[in-house]
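# Reading the structure
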Amino acid sequence: MMNASKEYYVCSCFYTHNIFLQQYNIHVTYFEDDNRFLREWKQSLASKGCKSDDQIQKVLTQVKSEVARRKTLGEQFLERREKISENYTPLHPHIYKLKESYFTEEFLNIVQYAKSNTATLEELVKQLKSENAKEVYSFPVFTENFCQEFMEEISHFENTDLPKGRPNTMNNYGILLNELGFDEDFITPFRVEYLRPITGLLFPDWGGDCLNSHKAFIVKYKVGEDLALNYHYDNAEVTVNVSLGQDFAGGNLYFGDMRWVPLRDTECTEYEHRPTYGLLHRGQHMHGAMPITSGERYNLIIWMRSSYIRNEMCPMCGRKPTLVKTVGFGDGFTVDAPEVINLCSTL
């Protein structure tokens, strides 16, 4: 459960940075100044094919619309959550509360070992599959039966006319799980009781033992809808990506290097999704998804955040965060870094 006494924030860069223009495959910034935007981005946009005055104006309209959407996200979230809570009847109500029976025996054994007093990084890694990319690990997580029921629940909700918040500007299809009611009794205990013992050993330099908030969502890839995901990094310290399944072909993930490593110095490696398996990686590790060629694929994504880490530097703008109050977990920033440090030392 989220600590009711703790307030979470976003960095002010949320309203100015990392605005994705999908048609030109570029992230831009906008500071409420059209002339500044043109000075900073006109040449880069022209190199992507955005050259005419009409194209530029359409881009400006799109950028301003995205900024306006972000400024009202908290209010929109509360409105959608209330409507969903009052009007949605779940297909599988039992899956909204996490149970150990949803996990594979192998995953439970990994968690049990990670929680033990004798656990070491070296021995834990032996129980996981180390992928070709550095510090990327895979392992079975959920049972096939649970994955099937989870996908049925998401599809059932998608087929209603209730409002739906989408995960981000790079995913046009998918579901924010906090709006659907999965946060308190499913995602939070999953993060705290099962994933954090593992991430604490794997990613200590990224606050792996102090991941105290998250953003959880479902992404869906299907021919005729979202096919792929552009090269990017996550607004997270650690990410878990679980393939829930369905029949699909293609759509492999590819990993480069950390976001500060120049692309010219980067060699990419691929990872093939396996239903029921999860993938753990550092959020700042650049990655993307290749186009799906048939069928459809559902993935559970959890961006796990450590205020102890991000209070020092915002991962999206690379500066000390300027905090703006918001609802829920926001982007995982807090104003009480000393308290968070003390909490981490006791975990």
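Below you will find a few notes about this structure. Computed from a prediction, not measured in an experiment: that's the story for all the values here.

## A look at the sheet that holds strand S14 (residues 285-289)
Spatially, 4 strands are ordered S8-S14-S11-S12 in an open sheet, and the strand pairing comes out antiparallel. Two strands lie at the open edges of the sheet, namely strand S8 (229-232) and strand S12 (269-271), each paired on one side alone. The mean inter-strand angle of the sheet, taken between neighbouring strand axes irrespective of direction, is 25 degrees. Two strands pair when backbone bridges link them, and strand S11 (residues 253-258) and S14 are joined in this way by 4 bridges, in the antiparallel orientation. Note that in S14 the partner of Phe255 across the bridge is His287.

## Here we look at the side chain of Glu158
Following the sequence through the fold, Glu158 ends up in helix H6 (residues 144-158). With sequence-adjacent residues up to four places away left out, Glu158 is seen in contact with Lys164, Arg166, Gly174 and Ile175.

## Concerning a negative patch on the surface
On the surface, Glu75, Glu79, Glu82 and Glu86 cluster together into a negatively charged patch. Within the fold, Glu79 resides in helix H3 (residues 73-87). Relative accessible area serves as the criterion here: at 42%, Glu79 is assigned to the partly exposed category.

## Concerning the pattern of salt bridges
In a structure, side chains of opposite charge can pair up when their charged atoms sit close to one another. Per the stated rule, a full pass over the model turns up 14 salt bridges. Between Lys64 and Asp34 there is a salt bridge, and its shortest N-O distance comes to 3.0 Å. Note that Lys64 is positioned in helix H2 (residues 53-71) and Asp34 in helix H1 (residues 34-47), a separation of 30 residues in sequence. For Asp34, a relative accessible area of 27% corresponds to the partly exposed category. Close ionic contact of Arg310 with Glu237 constitutes a salt bridge, the shortest N to O distance being 2.9 Å. With Arg310 in helix H9 (residues 307-310) and Glu237 in the loop between S8 and strand S9 (238-245), the pair connects residues that are 73 residues apart, well separated along the chain. Residue class for Glu237 comes out buried when judged on its relative accessible area of 2%. One salt-bridge network, in which partners are shared between bridges, spans Glu66, Arg69 and Arg70.

## So, the nonpolar core
Nonpolar side chains in soluble globular proteins generally cluster together in the buried interior. Of all hydrophobic cores here, the largest spans 52 residues; its most connected members are Phe107, Phe142, Phe150, Leu177, Phe190 and Leu300. Mapped onto this core, the elements with two or more residues apiece are helix H4 (105-115), strand S5 (137-140), H6, helix H7 (177-180), helix H8 (183-202), strand S7 (213-222), S9 and strand S15 (292-305). Per element, the largest residue contribution to this core is 7 residues, and it comes from H8. Excluding residues that lie within four positions of it along the chain, Phe142 makes contacts with Tyr102, Phe103, Thr104, Cys147, Phe186, Phe190, Val242, Thr276 and Leu300.

## Comments concerning the packing of aromatic side chains
For the structure shown, the criterion picks out 26 aromatic pairs. Both rings, one in Phe142 and one in Phe190, keep their centres 5.5 Å apart while their planes meet at 45 degrees; by these two values the pair is tilted. Of this pair, Phe142 sits in the loop between S5 and H6 while Phe190 sits in helix H8, and the two are 48 residues apart along the sequence. With a relative accessible area of 1%, Phe142 lands in the buried category. Accessibility expressed as a relative area gives 0% for Phe190, which makes it buried. Relative to Phe186, the ring of Phe146 lies with its centre 5.7 Å away and its plane at 10 degrees, an arrangement referred to as stacked. Separated by 40 residues along the polypeptide, Phe146 in helix H6 and Phe186 in helix H8 bring together distant segments of the chain. Classification of Phe146 by relative accessible area gives buried; the value is 1%. Every member of this aromatic cluster is reached through a ring pair, and the members are Tyr96, Tyr102, Phe103, Phe107, Phe139, Phe142, Phe146, Phe150, Phe182, Phe186, Phe190 and Tyr194.

## Some points on the pairing of S14
Remark: a regular strand shows side chains that alternate across the two faces of the sheet. Counting buried residues in S14 gives 5 out of 5 residues, a clear majority hidden from the surface. For S8 and S14, the ladder comprises 2 bridges, and the chain directions are antiparallel. Residue pairing in the sheet places Leu229 in a bridge with Ala289 of S14.

## Here's the deal with the packing of H1 against H2
Interhelical geometry of H1 versus H2 gives an angle of 120 degrees and a closest axis separation of 12 Å. As far as their axial angle goes, H2 and H1 are oblique. At the point where H1 passes H2, the crossing takes the right-handed sense. On the side of H1, the interface is formed by Asp34, Phe37, Leu38, Lys42 and Leu45, while H2 contributes Ile56, Val59, Leu60, Val63 and Lys64. Here the residues of the contact of H1 with H2 sort into 7 nonpolar, no polar and 3 charged.

## Topic: the environment of Arg310
Judged by its relative accessible area of 0%, Arg310 is buried. Spatially, the C-alpha atoms of Arg310 and Ala236 are 8.9 Å apart, while their sequence positions differ by 74 residues.

Each value, and the rule that gives it
Residues numbered from 1 in each chain as written. Predicted model: local features only at pLDDT ≥ 70, side-chain atom pairs only at ≥ 80, totals over all residues. Heavy atoms only, no water. Pairing = 2+ DSSP bridges. Helix = DSSP H or I, 4+ residues; strand = E, 2+ residues; numbered from the N terminus. Axes fitted to C-alpha atoms, helices over the stretch in contact; angles between N-to-C directions. Contact = heavy atoms within 4.5 Å. Patch = residues over 30% accessible without salt bridge, like charges linked within 9 Å, V, L, I, M, F, W, Y side chains within 5 Å. Areas by Shrake-Rupley, 256 points an atom, 1.4 Å probe, with all protein chains shown as cover. Salt bridge = Lys/Arg side-chain N within 4 Å of Asp/Glu carboxyl O. Lys, Arg positive; Asp, Glu negative; His and termini not counted. Charge placed at Lys NZ, Arg CZ, Asp CG, Glu CD. Buried < 20%, exposed > 50% of the residue type's maximum accessible area, 1.4 Å probe, protein only. Core = buried A, V, L, I, M, F, W, Y, C linked by side-chain atoms within 4.5 Å. Phe/Tyr/Trp six-rings, centres within 6.5 Å; stacked < 30°, edge-to-face > 60°. Parallel < 35°, antiparallel > 145°, perpendicular 65-115°, else oblique. Left-handed = near helix turned anticlockwise from the far one by under 90°. Nonpolar A, V, L, I, M, F, W, Y, C, P; charged D, E, K, R; others polar.

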